[in-house]
Amino acid sequence: MDEIRIGVFVCHCGTNIAGFVDVASIEEYVKTLPHVVFTQRNLYTCSETGLLAIKNGIKENNLNRVIVAACTPRTHEPLFRGICSEMGLNPYFFEFVNIREQCSWVHQKEKEKATSKARDLVRMGVARAALLEPLEKFQIDVEPSTLIIGGGISGMSAASVLANQGFHVIIVEKDTELGGQLRNLHRLYPGDMDSQKMLSIREEILKNPKIEVHISSKIKNIDGYIGNFDITVLKGEKEIKFGVGTIIVATGTDVLKPKGLYNYDGKKVITQKELELLFKENQFNSKNIVMIQCVGSRNEERPYCSSICCMTAMKNARVIKEKNPDAEVFILNRDIYTSGTYQEEFYREARKMGVIFTRYNESKLPQVTEDSVIYYNESLKEDVEIKYDLVVLSTPLVTYHEESKKLSKMLKVPLDEFGFFLEAHVKLRPVDFSNDGIFVCGTCKWPANVPESISQGYAAASRVTRIISKDTFTVEGATAWIDQEKCIACEICLKKCPYKAITRDEEDRVIVRTVLCKCCGVCSTTCPEHAIDIRHYKDNQVESQITALLEEGEWIE
Amino acid sequence: MNENTKNVMIIGGGIAGIQSSLDLGDMGYHVDLIEQEPCIGGRMAQLDKTLPTNDCSICILAPKLSDCFRHPNVKIHSLTQVQEISKNGRGFKVKLLKKARFVNEDSCINCGLCVEKCPMKVLDIFDMKMRKRKAIYIYYLQGVPAVMAIEKEKCLYLKNKNKEKKVCGFCSDVCEHDAIDFSQTDTNYTLESDAIIMASGSNQYDPTPLYTYGYKKFKNVITGLEYERMISASGPTEGHITRLSDNTHPKNIAFVQCVGSRDVNTNSYCSSICCTYSTKHAILSREHDEEMQSTIFYIDLRAGGKGFQKYIKRAKDEYGVKYVRGKIAEITIDENANPILHYEDLDTYEVKTKKVGFVILACAMIPTRNSGKLAKVLGVELDEFNFVKSSIDSPVNTNIPGIFACGSCLGPMDIPHSVINASGAAAKVSEYIRVQKGGNHG
């Protein structure tokens, strides 16, 4: 075997690390460790200057292992591995040591301990790096098609962009027709576009030969992996099976029914959604209307702002004022949410039209009696009574919790505390899931208005196009591997694997379907025969780290 | 390049333009990313942390910058502006102007020797003019492409180029890689593109005309972006919160909302991002100093994004941030340059004053003047606020077929929204081009 030559790059991360960890002493310490032939400190190792330093380091010192002691592999590992590849080094010879999240950030007030911990972590990293083995990533074929779960405006927008590019799209909609919540709307803000006009996209979708639509259908099962998902759909009693390359989740949301709140009865006290239905059916004839905002949201149970309700209330208040300028419309609110350009203008116009906005305090909620709404007016410092013939409650968008839960299990993607789907990264990967090949758009991930839902549909389509416009997809080389000599086929691992990545092959051996394996290690730890190795996290590699820690580590209480 | 490869031009190298470039590059299109500054990165590169996770902004942006730089299908055109455009079938011909960098991009290794020797100090625009840099400079530390540039108007050598005796030129003398090239000139060139994405971003409103707030008059009244640079570890004060009047550390900060927004005399729209970015500032201020007292003065607290209400609750409960409903009427100062805010508290309806050590004005996001010029060149229609006009059923389309838009040139928006419609615009571009090709994918 060639001599092991490790290069260690210690990152300052500006002052993120260097402000709390004595990086100079770390560099000096690293030099004393076995196999380390080169060390360097960089202000920002991830900057182009830092990357160039790594490249030169590899070239000039014949490095065959590279360690970066910096931040988190979540955001930066692909970058540094890529640099190693560029220099002809197997990317799995790269080792990341996190001295920012695990040292400087959590021990900001104890610099010595932060530094001593960084020393331990780097020593462990060096021990492991010496034992790393080269691995190959591999290519899998990609079916150029997409399953879209949910045929609302977001899902349809994604479908149309993909189908127009020639990709095969299958929409599965649980309802009896496409359209989602858009069907319940009367007009759309701004510009008062009729929602029916926007719904005409349905005809395009149905006519498009590239789009297959299954209404009154539910997802029964999802198997497989990026490029090759196997889908089972339940359409009435009938099961339909097909394969797709990618999946977009666009299941939308429901509007909260405010049962038990403000004497909601669906007649004199109704929701905004019910009001729009009255408009649509020309059944509206009230004269004294009181709208209440944040009903069932921004409270203990649902502490989020549903963000579309203020505009919805204003839109409907304007419709009322247009129908009958003498009608009185009050909007009782906590904060008016009209962020953006046209929204604020819309608010201003509503006020000009005579809609009265008045604030209530969350600690003194308004009360709805038989014929009046009583609320505490803070400027008058007294209760004010408003007579009504119609109360309209603005309730938030809420998730289809049970269905989302089922789907999230099938897809192995997470939900947040409210049942909204949780994207891979709130800022920079807003329509991706961390699971490859699965994407999310529309209100099932957070309340959004129509244009936002459309943009998200397009965005998901873009992320899908990146994958299905190519014939193959490259997957991770670090996976579990079963030593058939040792395996007794007890199937404990097969049952425990959270990714369904372990199966029996045609010869009845227990094997790992490597494309599905996320390298989590559950199988390896449960195997009674120690027959499973996790490549890149082999026993000897992990043990070397533990030994390195115990050899010299100082115990920190 | 394969002759069947389709070209897309993306104008603006902020997070939106970067995201569009990466998506389209991955789809196999050739992308020309046009950036007028010496480096891509845009506004996000100037930010310290991003909310609601308080991730370090440059730390999550830097991998994207590198991805863009090393992407085989993406070519970055820095210091470049669009001059003219003409139709070319369903596509476009675009005439570009590349400003001379006076540094050879292929040879400069960003070692910084030249910066040390350069005698000319210049106000640093990236740091909101809160510190000086040299006439030869890297736009910002992690900037991409990671090469120096010389500011022509400030360079001693270039200013005295026609004199008989050579003046300065130290940078060239000291450069070990012969990267300095004073002979470079601005160049015009033309590129063909099958579709265009406008991602020219936004600016911060300059609050000087709102004289009652005393910006520029009082040193301890600064803007949100200035504060962003101040609390950034790589910023002008290396992350130390410092009063500009006396270099002391304030213990009490006021954040004023809706400065130049929701105001018919300046910008009538809501700038969308300020309630939450001021909350971030207040949280970070307390992280810098445990005793810091922050107060946010607002009209309506607008926090509808994912996790934003929780973020505000955290600010109140864990960081002691106070929220006061009330618009500031006037700011005055005492003899120690402490700002005094005069306001009506809209929870108690009393007129009050509050003395603090430092004031941060949450200024509106406004369209850039360059976006306006660019729109004119492209023939793209703007809305009444001079943002690119879009419609609710086609949120990333412009009035010109084949030209799309994303990011804050469409209106005030935060990072996730910019990223979403950047990807969205990429999808619409691909649709536009593929439909043109016949849309056949077997």
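All figures in this text were calculated on a predicted structure; none of them were measured in a lab.

The next thing to look at is the interface of chain A and chain B. The partner chain B presents 77 residues to the 81 residues of chain A that form the contact. A buried area of about 6500 Å², summed over both sides, lies between chain A and chain B, and 57% of it is on carbon and sulfur atoms. For the chain A face of the interface with chain B, the top three residues by lost area are E48, K427 and L428 of chain A, together amounting to 13%. The partner of E344 of chain A in a salt bridge is R262 of chain B, with the nearest N and O atoms 2.9 Å apart.

Moving on, we come to the pattern of salt bridges. Taken as a whole and assessed by the stated rule, the structure comprises 67 salt bridges over all chains. In this structure, R128 of chain A and E95 of chain A form a salt bridge, with 2.8 Å as the shortest nitrogen-oxygen distance. Remark: E95 of chain A occurs in strand β4 (residues 94-98) and R128 of chain A occurs in helix α5 (residues 111-131); sequence separation between them is 33 residues. Given the relative accessible area of 6%, E95 of chain A is considered buried. Note that E344 of chain A and R302 of chain B form a salt bridge whose closest N and O atoms lie 2.8 Å from each other. With one member in each of two chains, E344 of chain A in helix α11 (residues 341-352) and R302 of chain B in the loop between β17 (293-298) and α8 (308-319) form a pair that bridges those chains. The class of E344 of chain A is buried, set by a relative accessible area of 2%.

Here we come to the pairing of strand β21 (residues 350-355) of chain B. All names here are of chain B. Sheet topology note: the strand β20 (residues 339-345)/β21 ladder contains six bridges and is antiparallel. For Y343, the partnering residue across the bridge sits in β21 and is K352. In textbook terms, the turn of a hairpin is the stretch between consecutive antiparallel strands, and for β20 and β21 this stretch comprises four residues, one of which, Y349, has a positive phi near 55 degrees.

Here the focus is the domain arrangement of chain B. Residues and elements named next belong to chain B. When cut into domains, chain B gives domain 1 (7-99 + 186-201 + 368-437), domain 2 (113-174) and domain 3 (205-364). Using C-alpha coordinates to define each centre, domain 1 is positioned 28 Å away from domain 2. Every contact between the two is made by twelve residues of domain 1 and, on the other side, eleven residues of domain 2. Both sides of the domain 1 and domain 2 interface together cover about 1100 Å² of buried area, and 69% of this is carbon and sulfur. Considering only the surface of domain 1 that becomes buried against domain 2, P38, C39 and Q46 emerge as the three largest contributors, covering 44% of it. Taken together, the connections running from domain 1 to domain 2 amount to zero salt bridges.

A few words now on the side chain of T395 of chain A. Residue and element names in this part refer to chain A. When you line up the elements, T395 lands in the loop between β23 (390-393) and β24 (397-398). On the basis of relative accessibility, which here comes to 8%, the residue T395 falls in the buried class. For T395, the side chain forms a polar contact with the main-chain oxygen of L256, separated by 2.9 Å. Beyond its immediate stretch of four places on either side in the chain, T395 contacts V255, L256, P258, T271, V295 and C309.

With that out of the way, let us pick up a positive patch on the surface. A contiguous patch of positive charge, built from K99, K152, K161, R369 and K373 of chain B, is present on the exposed surface. Relative to the assigned elements, K152 of chain B resides in the loop between β11 (149-150) and α4 (156-159).

As a further point, take the side chain of R133 of chain B. Residue and element names in this part refer to chain B. Considering the arrangement of structural elements, one finds R133 in strand β9 (residues 132-134). The buried category is assigned to R133, whose relative accessible area is 12%. Separated by 2.6 Å, the side chains of R133 and E151 make a polar contact. Those residues in contact with R133 that sit more than four places away from it in its chain are M120, K121, V122, L123, D124 and E151.

Turning next to the environment of K216 of chain B. Residues and elements named next belong to chain B. Structurally, K216 is set in the loop between β14 (202-204) and β15 (221-223). What makes K216 exposed here is its relative accessible area of 59%. Leave out the neighbours within four places in its chain, and K216 touches D206 and T208.

Now for the domain arrangement of chain A. When cut into domains, chain A gives domain 1 (6-137), domain 2 (145-253 + 399-472), domain 3 (256-396) and domain 4 (479-534). Using only C-alpha atoms to locate each centre, domain 1 of chain A and domain 2 of chain A end up separated by 41 Å.

In this section: the environment of R183 of chain A. Residue and element names in this part refer to chain A. Examined against the element boundaries, R183 turns out to sit in the loop between β7 (168-172) and β8 (187-188). With residues up to four places along the chain from it excluded, the contact list for R183 reads D175, E177, L178, L199, R202 and K280. Among the polar contacts made by the side chain of R183, one reaches the side chain of D175 at a distance of 3.0 Å.

Take the packing of helix α9 (residues 272-280) of chain A against helix α10 (residues 309-323) of chain A next. Residues and elements named next belong to chain A. One way to put it is that α9 packs onto α10 with a least axis distance of 11 Å and a crossing angle of 30 degrees. The orientation of α9 with respect to α10, classified from their angle, is roughly parallel. In the packing of α9 onto α10, the handedness of the crossing is left-handed. The residues of α10 that touch α9, namely those facing Q272, L275, E276 and F279, are T312, A313, K315, N316, V319, I320 and K323. Looking at the contact of α9 with α10 residue by residue, the classes come out as five nonpolar, three polar and three charged.

So, on to α9 of chain A. All names here are of chain A. Among the residues of α9, those classed as buried are Q272, E274, L275, E276 and F279. Those residues of α9 hidden inside the fold are in contact with β8, β16 (269-271), β17 (288-292), α10 and β23. A positive phi of about 55 degrees marks N282, the residue just after α9.

On to the sheet that holds strand β22 (residues 358-363) of chain B, then. Residues and elements named next belong to chain B. The sheet built from five strands is open, its strands ordered β15-β22-β16-β17-β18 with parallel pairing. This sheet does not close on itself; its edge strands, each paired only once, are β15 and β18 (322-325). Averaged over all pairs of adjacent strands, the angle between their axes in this sheet comes to 25 degrees, without regard to strand direction. Here four bridges tie β17 to β18, and the two strands are oriented parallel to one another. Paired with Y298 across the strands is R325, a residue of β18. With respect to the sheet, helix α7 (residues 274-288) is in contact with β16 (252-259), β17, β18 and β22, its orientation differing from that of β16 by roughly 170 degrees.

Reading the values: the criteria
- Residues numbered from 1 in each chain as written.
- Chains lettered and ligands numbered in written order.
- Predicted model: local features only at pLDDT ≥ 70, side-chain atom pairs only at ≥ 80, totals over all residues.
- Heavy atoms only, no water.
- Contact = heavy atoms within 4.5 Å.
- Buried area = accessible area lost by both parts, 1.4 Å probe.
- Salt bridge = Lys/Arg side-chain N within 4 Å of Asp/Glu carboxyl O.
- Helix = DSSP H or I, 4+ residues; strand = E, 2+ residues; numbered from the N terminus.
- Buried < 20%, exposed > 50% of the residue type's maximum accessible area, 1.4 Å probe, protein only.
- Pairing = 2+ DSSP bridges.
- Domains from an automatic or database assignment.
- Polar contact = N/O pair within 3.5 Å; in protein donor to acceptor, adjacent residues only side chain to side chain.
- Patch = residues over 30% accessible without salt bridge, like charges linked within 9 Å, V, L, I, M, F, W, Y side chains within 5 Å.
- Areas by Shrake-Rupley, 256 points an atom, 1.4 Å probe, with all protein chains shown as cover.
- Lys, Arg positive; Asp, Glu negative; His and termini not counted.
- Charge placed at Lys NZ, Arg CZ, Asp CG, Glu CD.
- Axes fitted to C-alpha atoms, helices over the stretch in contact; angles between N-to-C directions.
- Parallel < 35°, antiparallel > 145°, perpendicular 65-115°, else oblique.
- Left-handed = near helix turned anticlockwise from the far one by under 90°.
- Nonpolar A, V, L, I, M, F, W, Y, C, P; charged D, E, K, R; others polar.

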